[in-house]
Each structure stands twice: as structure tokens, then as C-alpha cells.
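# Structural description and commentary
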Amino acid sequence: MEMNIALLPGDGIGPEVIAQAVKVVQAIGKKFGHTITFKEAITGAAAIDAVGHPYPEETHQVCLQADAVLFGAIGDPRFDNDPSAKVRPEQGLLEMRKRLGLFSNVRPTFTFPSLVHKSPLKRDRIEGTDLVFLRELTGGIYFGEPRGRNEQGTKAFDTCVYSVEEIERLARMGFEFAQKRRKHLTCVDKANVLATSRLWRETVQRLAPEYPDVTVEYEFVDAVAMRLIQWPKAYDVLITENLFGDILTDEASVISGSMGLMPSASLGVNTKLFEPIHGSYPQAAGKDIANPLATVLSAAMMFEYAFELMDEAKAISDAVNLSLEKGIVTEDLAEGEVAYKTSEVGDWLAEQIEKA
Ligand code: IPM
Ligand code: MN
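Just so we're clear, the structure is a prediction, and the values are computed from it rather than from any experiment.

## Structural notes on the sheet that holds strand β12 (residues 273-276)
- Read across the open sheet, the 10 strands follow the order β2-β1-β3-β12-β11-β4-β5-β10-β8-β9; overall the sheet is mixed. Looking at which strands have only one partner, the edges of the open sheet turn out to be β2 (35-40) and β9 (215-220). Strand-to-strand twist across the sheet, computed as the mean angle between neighbouring axes with direction ignored, equals 25°.
- Bridge count for strand β5 (residues 130-136) against strand β10 (residues 237-240) is four bridges, and the pairing is parallel. Residue pairing in the sheet places Arg135 in a bridge with Thr240 of β10.
- In the packing of helix α1 (residues 14-32) onto the sheet, contacts are made with β1 (2-10), β2, β3 (68-73) and β12, and the angle to β3 comes to roughly 145°.

## Quick word on the UniProt feature "site: Important for catalysis" (unreviewed entry) in the protein chain
- As annotated in UniProt, the feature "site: Important for catalysis" (unreviewed entry) corresponds to Tyr142 and Lys190 in the numbering used here.
- Looking at where Tyr142 falls in the secondary structure, it is placed in the loop between β5 and β6 (148-149).
- For Tyr142, a count of 19 C-beta atoms within 10 Å corresponds to the partly exposed category.
- Examined against the element boundaries, Lys190 turns out to sit in the loop between β8 (184-189) and α8 (195-207).
- Setting aside anything within four residues of it in sequence, one finds Lys190 in contact with Ser197, Phe220 and Val221.

## So, the site of ligand 1
- Residues in close proximity to ligand 1 include Ile74, Gly75, Glu90, Leu93, Asp246, Ile277 and Gly279, which together make up its full environment.
- Here the residues of the shell around ligand 1 are counted per class, giving three nonpolar, two polar and two charged.

## Here we look at the packing of helix α12 (residues 310-326) against helix α13 (residues 342-355)
- At a closest axis distance of 9 Å, the pairing of α12 and α13 adopts a crossing angle of 125°. Looking at the two axes, α12 sits oblique to α13. Along this stretch, α12 crosses α13, giving a crossing that reads as right-handed. Side by side, α12 and α13 meet where Ala315, Ile316, Ala319, Val320, Leu322 and Ser323 of the first sit next to Val345, Trp348, Leu349, Gln352 and Ile353 of the second.
- Considered class by class, the residues forming the contact of α12 with α13 number nine nonpolar, two polar and no charged.

## Focus on the environment of Ser84
- With respect to the helices and strands, the residue Ser84 is situated in the loop between α4 (77-80) and α5 (89-99).
- A count of 4 C-beta atoms within 10 Å places Ser84 in the exposed class.
- Note: C-alpha distance between Ser84 and Leu309 (225 residues apart in sequence) is 46 Å.

## Some details on the packing of helix α9 (residues 221-230) against helix α10 (residues 242-256)
- Viewed as axis vectors pointing N to C, α9 and α10 meet at an angle of 10°, and their least axial separation amounts to 9 Å. Considered as vectors, α9 and α10 are oriented roughly parallel to each other. Facing Val221, Val224, Ala225, Leu228 and Ile229 of α9, the residues of α10 in contact are Phe244, Leu248, Glu251, Ala252, Val254 and Ile255.
- Among the residues forming the contact of α9 with α10, the class breakdown is 10 nonpolar, no polar and one charged.

## Describing the domain arrangement of the protein chain
- Looking at the protein chain, the domain boundaries give domain 1 (1-103 + 260-356) and domain 2 (120-256).
- Taking the mean C-alpha position of each, domain 1 and domain 2 sit 25 Å from one another.
- Taken residue by residue, the interface counts 10 residues in domain 1 and 11 residues in domain 2.
- By residue number, the principal contributor to the side of domain 1 that touches domain 2 is α5, which donates three residues.
- Residues that form the side of domain 1 that touches domain 2 fall into these classes: six nonpolar, two polar and two charged.

Thresholds applied
Residues numbered from 1 in each chain as written. Chains lettered and ligands numbered in written order. Predicted model: local features only at pLDDT ≥ 70, side-chain atom pairs only at ≥ 80, totals over all residues. Pairing = 2+ DSSP bridges. Helix = DSSP H or I, 4+ residues; strand = E, 2+ residues; numbered from the N terminus. Axes fitted to C-alpha atoms, helices over the stretch in contact; angles between N-to-C directions. Contact = placed C-beta atoms within 7 Å. UniProt positions renumbered as here; feature names shortened; annotations may be inferred. Buried ≥ 20, exposed ≤ 12 C-beta atoms within 10 Å, placed from the backbone. Near = placed C-beta within 6 Å. Nonpolar A, V, L, I, M, F, W, Y, C, P; charged D, E, K, R; others polar. Parallel < 35°, antiparallel > 145°, perpendicular 65-115°, else oblique. Left-handed = near helix turned anticlockwise from the far one by under 90°. Domains from an automatic or database assignment.

Set out below in C-alpha cells:
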């Protein structure tokens, strides 16, 4: 198969982790006989520096023309402590999601057998966790208008807006995911307080009869925040709005032991995009110490969701599992043992895939 992949390394550790994913994808190409071409484009602070915009039109065109996008991370401390900055790297990420129509961010949470002991949570609570969040990604308070300050600058406001259409397309994807899994869907909202949440609940209730094989549960976001780490095995597929999903998926990453492990897929109208859920980790940038596994596993999701190549996806996750078992890991996961460099982990995985 021929594959055209857009690479958006972004900021901080982005370029280093993307470089490892590229090695792994190339190894898959060799092993399974695919012709893979990469085209790199700029985003984030790197793009602001180069052309004054965090998601340039040229980058958008590269994404539109690609079969899939692999994305690293965005964010730079130069902008974080400057509330007056007119353009921010994160705007590039949001604009990219919006313009590519990536309304559903698929964030799985699972445990790695060899890492269960590294989670701060008790083994019997988390072992065997297998859940997936579908986080709405192009609406809600991240995008709603009006937003800003009053004239005196003494008040600031954001608006949370959802249309029935936006909720429905995400909810339908949630039902379809559940049908292919353990047939349980949880709608996470705050319907006791928020009007948008009541529309979410109403919409999901209206759709439920179309999916009679799926059991649906409605749960408030605060309760989910608690039960998620108390008994994560209660969940199969969770659907939720943008901000709740952002927060809960960071929390869920604790179950697997490290943020450095969690991949994601963003699906929607145009080219699908694959990115780690972690940020740009500027403190580690350029040091060759960041964990590349979340990005490598995002590449595995790319083979699954963009190309429907399950064997290729599995070859990557098998190699990752083996590296964890053997302790071929970066410093965030190495305990006592020597830590490997980011680039060494990438080399090892690529070699492993080719010889497996
Ligand atoms: C994420 C990130 C982004 C978000 C930030 C960097 C804008 O935290 O992908 O989860 O909030 O969506
Ligand atoms: Mn986040």
C-alpha cells in the first residue's frame, strides 16, 4: 500500500518523539512491503517564529493532502507566562483540529502488564483496565463565542456552546465503538447544572433506542473523576465534551503508569490525526530523554484507524510491550536500572519490528 504521511513535529520534545515514530513506521513499511512517504510541516511556536502563525495555510494544505497526520506536541514556555501574547502556539493546535474537522479524539486507557506495579494505584483496581474516551474536540468552551474581557478588563468570560449536530455525531461514534467492544457506553456530563449537558443527555437518550445492544449509563463528571481511579473496570466507552475529556484523560493516564505512554487518534471529517496526549515537555527538549512510546503507539493507532492495517498496528504494540518487559525504557520508567535515550528506544523498536 502507498501511504502519504504528514509529519508535524511541533515544539519541545515533539521533533524527538516524532523522529522515533518515523523509524518505527519505516520499519513497518519494510517489513510489510508498504511504500511510505513523509512530508514535514511546521506548527506551534516553531511556526510562529518562522512565519508568525501557529498553523500556517501551507501546513493545512499538507495535512489535507496527506492520508494521515502524525503530530508531536505544541507549547512553549515563552508564551505561557505572557497573558498578553497575541498569538499562542496552542491556537495552532485548536485551529488545526477545527479546520480538519477532527471532532472526536479517541483516547484509550489500558494497562501494560509489566508496568502495573508502577502506577500509584493498587494492582487489583487497575489490572485489566480497558476503556476508551471519545472526547469531543472541536466544540464546547474551547471554541464558544463570546469570549474575552470586558472593557475595563475586570471580567473575563468563555462560552460553552453545543449544537445537537455536534453532540449527535460524537455520540453515534460512541455507540459504534461500544458495539465493537463490550457494549457499554457512559455519557459523562454535568446535567444537574449545565444546559449544554442537558442537551447532551437528551440527545444520547434519543439515540439510544437505535443501538439496543448497547447499555447506556449517564454519570456526572465529578462522580466519574472519582470512580475512574477507584474502579476503572466499570467503564468501556465514555463520551464527553471537550473540557471534561481533556481533564479526565490526563487523570486516566495515571492508570497506565505514565503520560508518556498514552496515544490518541483524532477522527472526523478530513484527514485523521494521531498524537500523544502529553504536551511539549520543554524541560526535556533536545536532551534525548523524553519517552517516545506515546507517539510510537499513536503511529500504531494510525495503522489501525487510518489504514485498517491491524497486523501492522499489532507489530508496533508487540514491540512496545517487549521493550517495556525488557526495560528498554527512558528515564521516566527506568527504576534503578539504566535509562535508555529517546533515540535508543526508537532504534531498538525499529530493529525489533524488522526482525520479528
Ligand atoms: C491536549 C492538550 C491541549 C488541549 C492543549 C495543549 C491546548 O492539553 O491535547 O489534551 O487542551 O486540548
Ligand atoms: Mn490535555
